[in-house]
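Residue-level listing of the chains:
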Amino acid sequence: MVIETWKPQETFELGRRMGERAQAGQIICLEGDLGVGKTVFTQGFAEGLGIREPVNSPTFTILQQYEEGRLPLYHFDVYRIGDVEEMEEIGYEDCFYGEGVCLIEWPSRILEILPDRTTWVEIAKDLEKGFDYRRIRVEERA
Ligand code: ADP
Ligand code: MG
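As the structure is a prediction and not an experimental result, all values here were calculated from the model.

A. Spotlight on the site of ligand 1. The full set close to ligand 1 counts 15 residues, and Thr11, Gly35, Lys38, Thr39 and Asp132 are the nearest of them. Between ligand 1 and the protein, one listed contact pairs a nitrogen atom with a backbone N or O atom of Asp132 at 2.7 Å. Taking 580 Å² as the accessible area of ligand 1 by itself, protein coverage stands at 75%. Of all the elements in the fold, those that place two or more residues in the shell around ligand 1 are α1 (8-21) and α2 (38-49). The leading source of residues in the shell around ligand 1 is α2, at three residues. In terms of residue class, the shell around ligand 1 is built from four nonpolar, five polar and six charged.

Below, the structure written as structure tokens:
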């Protein structure tokens, strides 16, 4: 499935709809360059789960956890991860194989520990179509 958005609110809205439908155990990989809208998507997703507190990229903490929604949300930003041992120190397995939903920014850095079944959301710019245009591909992988 490919969705085109023309402003941040539309990417937020896609996230919100996916958050409303999210299921326990789901792992969503958010692929795309810096500033493409991964966190905007996550903020919508969090709202769709019923989370009210502000959501930002946990770049320095790697993991941010939200418990107040319909399901627990584990928001990873693994941009600064050195190797997967750091993920073990964080206790990622309890998140990946728990009862919540995981959203992972920069998932290609931890490919070797991703479960087989994941949802990929790839966001890309196309400057020919405008500064705020985004092409978003949503794909189930198993
Ligand atoms: P990332 O987490 O991928 O590094 P952010 O979500 O933090 O990126 O930032 C995306 C930036 O791009 C925000 O400033 C947002 O307002 C802007 N933006 C412009 N157009 C869009 C769009 N169509 N979808 C999402 N974000 C957009
Ligand atoms: Mg981000």
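B. Inspection of the sheet that holds strand β2 (residues 27-31) at higher detail. With respect to topology, seven strands assemble into an open sheet ordered β1-β7-β6-β2-β5-β4-β3, the strand pairing being mixed. Of all strands in the sheet, those bounded by a partner on one side alone are β1 (2-5) and β3 (63-66). Ignoring which end each strand starts from, the neighbouring axes of this sheet average 20 degrees apart. For β1 and strand β7 (residues 134-141), the ladder comprises four bridges, and the chain directions are antiparallel. Paired with Ile3 across the bridge in β7 is Ile136.

Calculation notes
Residue numbers here run from 1 along each chain, matching the order of that chain's written sequence. Chain labels run from A onward and ligand labels from 1 onward, assigned in the order the entries are written. Restriction of local features to residues with pLDDT of at least 70 applies here, the model being predicted, together with a cutoff of 80 or more for giving and counting side-chain atom pairs; totals for whole chains, interfaces and linings are based on all residues. Derived side-chain values reflect all non-hydrogen atoms in the structure, with water molecules and hydrogen atoms excluded from consideration. The rule for a residue being near a molecule or strand is that one of its heavy atoms must lie within 4 Å of it. Polar contacts, as used here, are pairs of N or O atoms within 3.5 Å; protein pairs need one atom able to donate a hydrogen and one able to accept it. Residues neighboring in sequence count only if both atoms are side-chain atoms. Here, Shrake-Rupley sampling with a 1.4 Å probe gives the accessible areas, and only protein chains in the shown set may cover a residue. Under the scheme used here, helices are H or I runs from DSSP no shorter than 4 residues and strands are E runs no shorter than 2 residues, and both carry numbers assigned from the N terminus. Charged means Asp, Glu, Lys or Arg here, nonpolar means Ala, Val, Leu, Ile, Met, Phe, Trp, Tyr, Cys or Pro, and polar covers whatever is left, Gly included. Two strands are counted as paired when DSSP detects at least two bridges linking them. Here an axis means a line fitted to C-alpha atoms, over the contact stretch when the element is a helix, while the angle between two N-to-C directions is reported on a 0 to 180 degree scale.

Coordinates in, geometry out; function isn't part of it.
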